[in-house]
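A structural walkthrough
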Amino acid sequence: MIQKRNFIGLLTLLAVFFYAPLTYSQTSTEKTEVTPEKTETTPAKTENKSKLFEETVTDSDYLMAIEKAGEVLESAHNDTEFDGNSHRLFGEIKRTQGKLDLILASLKGANPNVRNQQMYRIVLKEIEQELNEQNTAINSRNLALEKIKGRVIDLRKDKTLMGLLKDTIKRKQFKKEFANLKNRYLSTDSLMTKNQNILNKNKRLTVERKIAVSNALITVESKLEQSGISMLKKEYPVLWSTSDSTAKKIVGKNIKAKIIIEENVAAYYLSYRAGGLIFLTLLMCLLGWYISRNLKYLKNNGHQGHLSDFNFKYLNRGVIIPVAVIGLNIAVVSNLYAPAMFIELIQLVLLGLITFLFKDNWSKVAMRNWLLLLVLFLILCFLDLFIAVGFIQRCAFIVINILGVRYGFVQIKTLKDQLYYKGFFKWATIIFIGLNVLAILNNIFGRVSLANMLSITAFISLTQIVALSVFLKIILEIILLQIYTTRIKRGIEKIFDFESLSETLKKPFIIVISYMWIVVIAANLNIWESLRAGLTSLLIHPNTIGSITFTLGNIVLFFIIIWVAHLLQNYVAYFFGEVDDENEENINKKQHSKLLITRLVVLICGYLLAVAASGMPLDKLSILLGALGVGVGLGLQSVVNNFVSGIILIFDKPIQIGDVINISSESGRVKSMGLRTTKINSANGAEIIIPNGNLLSQNITNWTYTDNFKLVEIAAEVDGDIMPEEINALILESLESMDLVNNAKPPQIYYTAIADGKFKLQIKFWCSIYRTEETISTARQVLFSNFKAKGLTLST
């Protein structure tokens, strides 16, 4: 009704603009005829009436009114035009229609397995969400057009403009302006009508599509519900009561039809997830480029051959296949609800690449058993996707399950010995054997869908743990490659203790691969969605203690972020090529300072994110901080003192990692600096842990604050017929021949006593503080040999 009234108002205003010239001509004719009579009969008293206080409208007022109306119509025309967001909306509507047409066509003839139906449900829900958003956007644009109409209709409230329209004489005076106004009005009205029709057409389409999506969702949900029920009940007769009478030609036609359908479904999913898959591909390309750059640097500098010293199995044989293995492992976990054909193809390609990597590393027996496992898995996938359920299919599944049970008891041990990580292989073996046994029993007694699902899950659980073991090994090799390359760039060629470092690094990654393995198994058993929904409801359920409301999810997220922050601040050193190597001399103190600041930033950001993720209100946080302040005042002074002292040490830099220092009665080399304590390695191998507060409150002797050189002294006696000048020359020549002596700073020779044939002297020279004792010992040997060669006696 509102739209009709608005249209009536617009038509009325348009009629005024259209018929104003006609009305003016008729009225002017009538006035010219009547005027002579009126001049004779009208009294002349009106001529004497005062016009001082009458309201008058000038031509300028009329022009301003016309100009104002023109501006309103011009702005209405501009605002009625569709902007870039509107055109993007129409493009999204077309793309949504394309997706919906594809999925509705796929629904008609697709294999009704659980994976396909799960994919349809997720995609349909996303399309439904898109349609709701598009419908809301169309409604907002319709509302905007109604407001624009209101602005045009409000022109009738302009008394000056309306008075001008009624004044037939004045209208003729502004005939040109009225014509321009009329053209603007017609243009705006035409554009508004056109755009409203476009919006109404798109709104009608979105409503129709929402109905189609709703009906499709009902169909998919019912199929999923039926499949869930049918898996737990008897679907077919017992095996010995089943007989196949289908002709071979019909079986062949059915296989071809199912292949075409599954290809269409997989192709649709590929186009649907194209954005995510392209992003994963680009990410893997970036990782491959990063690995190739490090390998190329080592090759150009003659160090690539040393990778075998780090027990590299994969990266030293190429980059493409290891990176593809990482990407496919991620793709398996990130596409849990992909069609059966799509996910099984990814699994088979992944296993094929792993087989290529195993070719030169595994024994012949292990390789033969692995290939047997792959053949069984391939046959199982083909039977599940393309062969209709019948006596032959059921018998084939049972044969594969029996071979799987035998494989689990006899041949699987050869695989375990070849894997890098064997922790979960025992559980994978138990699951593999157990699921095959359950599949045989369910198949025999008619629960075929459940049996097929258990069979596929059994083989995936075993092959996936092998793939994840390779995944873990490749990740560790990438990290070790980064550390070794960074150390080579710094001039450190020493091979570090990579085995203990790998043991430390793999602990958090074991948690990651455990999660990936469990998720894949649960998704194939069709229980992951239920587990995730149940866990989500538990974590997001609000709990109240006093005036504080919290969820378990917030608490878990708080501790996870704290754990990750501490993990990152411990492992960030490896990016800089730092390892726990006490004998390292070429220490980059600037790099250590950057490392300490990076660790501090990581910790601070981690704690801030953890507090934000906990969902704790600011008023409650202020109470907590107040309580913490009381705790600091009562018993945490030393903890806070050490923490603040650690921050001061990081930025003030009185000592840095690698410095040789003396503090109180302790001396040694600074091994690491934390926010609370500093570790010092003493000369006898002991590790001294000193609170940071003590470092700032006591006098520290830093031997390496400026450089890493120390002035050492050797007291010597020379006997023989020689002059001091010859002794000096011989000593300087001996010291210059030694690489451990820093000859950039000239040695110093002082005589404490001189007698006939006897000389007592002190020899001072500079050497690396990290190799002081070795340098002094070598200097004594060289001096003794050189003096003895001259027939002189030297004692030190």
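Above this note sits the structure.
Residues numbered from 1 in each chain as written. Predicted model: local features only at pLDDT ≥ 70, side-chain atom pairs only at ≥ 80, totals over all residues. Heavy atoms only, no water.

1. Here's the deal with the overall build of the chain
- Of the regular secondary structure elements, the chain holds 25 helices and 11 strands.
- The buried share among the 796 residues of the chain stands at 42%.
- In the chain, the proportion of contacts linking residues at least 24 apart, taken out of those at least 6 apart, comes to 77%.
- Here the chain displays about 43,500 Å² of accessible surface, and carbon together with sulfur accounts for 61% of that area. (Helix = DSSP H or I, 4+ residues; strand = E, 2+ residues; numbered from the N terminus. Buried < 20%, exposed > 50% of the residue type's maximum accessible area, 1.4 Å probe, protein only. Contact = heavy atoms within 4.5 Å. Areas by Shrake-Rupley, 256 points an atom, 1.4 Å probe, with all protein chains shown as cover.)

2. Quick look at the pattern of salt bridges
- The tally for this structure, following the rule as stated, stands at seven salt bridges.
- A salt bridge links Arg-184 to Glu-74, with the nearest nitrogen and oxygen atoms 4.0 Å apart. One end of the pair, Arg-184, is in helix α7 (residues 175–231); the other, Glu-74, is in helix α2 (residues 59–80), and 110 residues separate them in sequence.
- A relative accessible area of 38% means that Arg-184 is categorised as partly exposed.
- Its relative accessible area of 37% is what places Glu-74 among the partly exposed residues.
- In this structure, Arg-151 engages Asp-79 in a salt bridge whose closest nitrogen and oxygen atoms are separated by 3.0 Å. Here Asp-79 lies in helix α2 and Arg-151 lies in helix α4 (residues 114–153), a separation of 72 residues in the sequence.
- You can call Arg-151 partly exposed: its relative accessible area is 32%. (Salt bridge = Lys/Arg side-chain N within 4 Å of Asp/Glu carboxyl O.)

3. A word on the sheet that holds strand β10 (residues 758–768)
- A sheet is described by the order of its strands in space; here four strands give the open sequence β9-β10-β8-β11, paired in antiparallel fashion. Two strands close off the open sheet at either side, each with one partner strand: β9 (748–755) and β11 (793–795). In this sheet, adjacent strand axes meet at a mean angle of 25° when their direction is disregarded.
- By the bridge criterion, 11 bridges tie strand β8 (residues 709–719) to β10 in an arrangement that is antiparallel. Its bridge partner lying in β10, Ala-716 is registered against Leu-761.
- Packing against the sheet, helix α24 (residues 724–736) makes contact with β8, β9 and β10, and its axis sits at approximately 25° to β10.
- The strands touched by helix α25 (residues 772–789) are β8, β10 and β11; relative to β8, the strand with the most contacts, the crossing angle is about 30°. (Pairing = 2+ DSSP bridges. Axes fitted to C-alpha atoms, helices over the stretch in contact; angles between N-to-C directions.)

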